[in-house]
Amino acid sequence: MTEQTTATLFIDNKWCCASDGDFISVVNPVTEQTIAHVSSATKEDVNKAVDSADKALKSDWYHTNANERAEILEAIANGIEANITMLSELETKSNGKPLAESVWDIEDAAGCFRYYAKLARGLDDRQGKSVTLPDINFKCRLFYEPIGVCALIIPWNFPLLMAAWKVAPALAAGCTMVLKPSEFTPLTAIELCNIIKDAGVPSGVVNLITGFGHTAGQALVEAKKIRKIAFTGSDATGATVMKSAAVDIKNVALELGGKSPILIFDDVDVDKAVEWIMFGIFWNKGEVCSATSRLIVHERIKERLFDKLAVRANSIAIGDGMHKSVKLGPLVSKVQYKKVTAMVREAIDQGATLIFGGKRPKHLEKGYFFEPTLLVDEKRSSCAWTKEIFGPVLTACTFSTEEEAVRIANDSEFGLGAAVLSQDPDLCQRVAGQIESGIVWINCSQPTFTEAPWGGVKRSGIGRELAENGLENFLETKQVTEYVGDDDWDWYK
């Protein structure tokens, strides 16, 4: 990938430039320097990509054997693993995350393709399964068919992994697709398409458009031939996508934002709790939709926990993620840096107390770096408490009773993730059952497995990704019912 690269639209298995020649600069958030140019797709380009996917859907791909698709998915996984060093470095250079985290993400992406290869192998066996009916004169069978041409729109925080979460199950189901990565981090998606082509995916099955959300993204969700939109991003953009999809009654899956709570009860091992708190908010620089950014801590251990958290947070090595010692890289873009900075300042103006962090590290004059930050807001009224910041910013309050902790946790528009830390297993299970969230972690925060469904409630989205749910997202169930009675049917009887 070079700075001169602009032919980054992958349509019908060919690379091409935007029809008007326009391009976008991809910036390294450490150096603030351009590392690549990518095509900025027009509506005309998007429609070409959609037409290519539609043509491929109507070809032999729609009727491929699921075992054949499984072999292709395995080949893609092999291709990702063979290029893990290159992909990881691209991810770090465009997103800013530490290289070790990028390697972890790329490995997970390969694992995702392998998982859906396994599910694909079982799909043919499900076809034509009988349903038991109460009337012996009828026979009913179920068939599972690809939903059609899909628009897959992915964010910038886990660029290749989020692509895998959508592309892998869509391919397993037999769909065709147009993939749109974020304009900030498109480089690994571009490389993924090369891997997909080498794996033998036919022309038009997977297409890629690079460009801005308000132009290329909007044109994609509005395209008439799109049957399914799978979107990951902010709740505000998700609402816009949903409105556009409503015009043509398109199937929609939305994985949106979060403001996840982490409840710390007074019987915890404070040192262990601090480590999970830090992983829950400072991993990937806090640019995680499920980040446990609301710390709800029992009043009896507040001071002790805050003191230890400050010591550990201040010891985090911040810098260029290409260096092995670095644990916290820069925010993804200048836009995001300005947003996080503004929200912290606004929260303080609204009454939150800054305990540590809240600014650029003194030793880093360049790059979109932001210190690990802790704010305390007992009134729970600041933007830092209520809104998704998407940065290494933790906001805390205290509680005195279990009921109060649950009430505070549920007092949010979001419901993606939540964590409960206590040495009392009954308390943990009891609280987990009361929290309004799609995911609840007990004595941990953020572990994510391809085998378990992922998604939230309230403004955190619609539907579930991963696990078998991910495959079902891209399938339509067809019922075929046949009359097998001996007598002629007479509905007047």
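Conventions adopted
Residues numbered from 1 in each chain as written. Predicted model: local features only at pLDDT ≥ 70, side-chain atom pairs only at ≥ 80, totals over all residues. Heavy atoms only, no water. Helix = DSSP H or I, 4+ residues; strand = E, 2+ residues; numbered from the N terminus. Contact = heavy atoms within 4.5 Å. Expected span 1.5 Å × (residues − 1). Buried < 20%, exposed > 50% of the residue type's maximum accessible area, 1.4 Å probe, protein only. Core = buried A, V, L, I, M, F, W, Y, C linked by side-chain atoms within 4.5 Å. Salt bridge = Lys/Arg side-chain N within 4 Å of Asp/Glu carboxyl O.

Participant: Please explain the environment of Ala164 as it appears in this structure.
Facilitator: Structurally, the position occupied by Ala164 is in helix 6 (residues 159–173). Every residue in contact with Ala164, bar those within four places of it in the chain, is listed here: Ala109, Cys112, Phe113 and Pro169.

Participant: Help me understand the environment of Leu123, please; the structure alone is not making it clear to me.
Facilitator: Along the chain, Leu123 turns up in helix 5 (residues 123–126). C-alpha separation for the pair Leu123 and Asn67, spaced 56 residues apart in sequence, amounts to 8.3 Å. Among all residues touching Leu123, those that are not within four sequence positions of it are Ala66, Arg69, Tyr144, Ala172, Ala173 and Leu475.

Participant: In this structure, what is going on with helix 7 (residues 187–198)? I would like to understand it.
Facilitator: Note: α-helices contain 3.6 residues per turn, so residues at a spacing of three or four share the same orientation. In this model helix 7 runs 17 Å from its N-terminal to its C-terminal C-alpha over 12 residues, within 8% of the 16 Å that 1.5 Å per residue would give. A large share of helix 7 lies buried, amounting to nine of its 12 residues. Looking at helix 7, one finds that the buried residues are Leu187, Thr188, Ala189, Ile190, Glu191, Leu192, Cys193, Ile195 and Ile196. Looking at the residues trailing helix 7, positive phi occurs at Gly200, about 95°.

Participant: Any chance you could explain the nonpolar core here in plain terms?
Facilitator: As a rule of thumb, soluble globular proteins bury nonpolar side chains together. Counting residues in hydrophobic clusters, the biggest one holds 109 residues, and the most contacted among them are Ile76, Phe113, Tyr116, Leu171, Ile264, Leu295 and Leu305. With 12 residues, the single largest contributor to this core is helix 6. Not counting residues within four places of it along the chain, the set of residues in contact with Phe113 comprises Leu73, Ile76, Ala77, Ile80, Ala164, Val167, Ala168, Leu171 and Leu192. With 27 residues, the next largest nonpolar core counts Ala41, Leu57, Val149 and Ala216 among its residues.

Participant: Looking at this model, I keep getting lost on the pattern of salt bridges. Mind explaining?
Facilitator: One side chain can pair with another of opposite charge once the charged atoms of both are near each other. Per the counting criterion, the structure on display carries 25 salt bridges. Ionic pairing is found between Arg114 and Glu81, a salt bridge with its closest N-O pair at 2.7 Å. You can see Arg114 sitting in helix 4 (residues 99–121) and its partner Glu81 sitting in helix 2 (residues 66–82), a full 33 residues away along the chain. In this structure Glu81 comes out as partly exposed when scored by relative accessible area, which is 41%. A salt bridge links Glu472 to Arg126; the shortest N-O distance between them is 3.0 Å. With Glu472 in helix 16 (residues 467–472) and Arg126 in helix 5, this residue pair connects regions lying 346 residues apart in the sequence. Owing to a relative accessible area of 32%, Glu472 belongs among the partly exposed residues under this scheme. The class of Arg126 is partly exposed, set by a relative accessible area of 24%. Counted as one network, the salt bridges with shared partners bring together Glu71, Glu74, Glu81, Arg114 and Arg121.

Coordinates in, geometry out; function isn't part of it.
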